[in-house]
Amino acid sequence: ELKVEQNPLFLSMQEGKNYTIYCNYSTTSDRLYWYRQDPGKSLESLFVLLSNGAVKQEGRLMASLDTKARLSTLHITAAVHDLSATYFCAVDMREWNAGNMLTFGGGTRLMVKP
Amino acid sequence: DVKVTQSSRYLVKRTGEKVFLECVQDMDHENMFWYRQDPGLGLRLIYFSYDVKMKEKGDIPEGYSVSREKKERFSLILESASTNQTSMYLCASSLITIGTGKNTGELFFGEGSRLTVL
């Protein structure tokens, strides 16, 4: 069964602190995506990781991919309130003629407190 | 910018009604997807399409059907709505990836349609 597991599912943190969200997946893939969702809104693409060892950074967020460990991390540095949202990882794990079918993790709801 | 537009943001329907959810994308993407999102369950794929008139079942197709008569439009149909289909429905599109090497496989999502079935 294809599984993508995120932890933690809920994260409450203080502004200025650092933390990491983990995304584990159950089968071989070298394509992983991170999305952000604000309450009542749709999903917005954050990072696309397409190879082992890929690292992408945007502002206070940094994502990495270890395909051998089947693990991606989303690291938050010096959190600010504006980062409060739900973060999803998604993995392209299925062989399909036309390419990419994504399986999503359950999401990590992040709340950053002043 | 890629734009994926879902026709209805909020719908309230009664059990047994036929429901149409429409999705249009303006970037000539080959692939289109319908997901539903429920608290604690994340996003689950209902159906997808990789070309006009082509469709494939996702993980939870029961109770749903789809239609893709034009490349830019992908419709989700609930033949007889039930209360357990109350959910947020998200449409997405992407470029084809296999054999091109030119794009990332990234999905672009619409704003979502929140359906309540009474």
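Refer to the structure above for everything that follows.
The following refers to the structure shown. It should be emphasised that the depicted structure is a prediction, and the values quoted were computed from it without experimental measurement.

## Digging into the nonpolar core
Working step 1: Core analysis: the biggest nonpolar cluster contains 25 residues, and L32, W34, L74, I76, Y87 and L110 of chain A have the highest contact counts within it.
Working step 2: Elements with a minimum of two residues in this core: β2 (10-14), β3 (19-25), β4 (32-37), β5 (43-49), β7 (61-66), β8 (71-76), β9 (85-92) and β11 (108-113) of chain A.
Working step 3: With residues near it in sequence (within four places) discarded, L74 of chain A still touches Y19, T20, I21, W34, F47, L61, M62, A63 and Y87 of chain A.
Working step 4: Of all hydrophobic cores here, the second largest spans 20 residues; its members include L11, V19, V66 and L115 of chain B.

## Overview of the interface of chain A and chain B
Working step 1: Between chain A and chain B, the residue contacts involve 23 residues of the former and 26 residues of the latter.
Working step 2: Between chain A and chain B the total buried area reaches about 1900 Å² when both faces are included, carbon and sulfur atoms providing 56% of it.
Working step 3: At the junction of chain A with chain B, the criterion picks out zero salt bridges.
Working step 4: Looking at the side of chain A that touches chain B, the elements that each hand over two or more residues are β4, β5 and β10 (102-104) of chain A.
Working step 5: Tallied by class, the residues present in the side of chain A that touches chain B amount to 11 nonpolar, nine polar and three charged.

## Focus: the pattern of salt bridges
Working step 1: Considering all chains together, one arrives at eight salt bridges over all chains under this definition.
Working step 2: As a salt-bridge pair, D92 of chain A and R31 of chain A come within 3.5 Å of each other at their nearest N and O atoms. Here R31 of chain A lies in the loop between β3 and β4 and D92 of chain A lies in strand β9, a separation of 61 residues in the sequence. Each member of the pair, D92 of chain A as well as R31 of chain A, carries the same accessibility label: buried.
Working step 3: The shortest N-O distance in the salt bridge between R36 of chain A and D38 of chain A comes to 2.9 Å.
Working step 4: On the basis of relative accessibility, which here comes to 25%, the residue D38 of chain A falls in the partly exposed class.
Working step 5: Through salt bridges with shared partners, a single ionic network connects R36, D38 and R44 of chain B.

So, how was this worked out
Residues numbered from 1 in each chain as written. Chains lettered and ligands numbered in written order. Predicted model: local features only at pLDDT ≥ 70, side-chain atom pairs only at ≥ 80, totals over all residues. Heavy atoms only, no water. Core = buried A, V, L, I, M, F, W, Y, C linked by side-chain atoms within 4.5 Å. Buried < 20%, exposed > 50% of the residue type's maximum accessible area, 1.4 Å probe, protein only. Helix = DSSP H or I, 4+ residues; strand = E, 2+ residues; numbered from the N terminus. Contact = heavy atoms within 4.5 Å. Buried area = accessible area lost by both parts, 1.4 Å probe. Salt bridge = Lys/Arg side-chain N within 4 Å of Asp/Glu carboxyl O. Nonpolar A, V, L, I, M, F, W, Y, C, P; charged D, E, K, R; others polar.

All quantities given are derived from atomic positions and should not be read as evidence of function.
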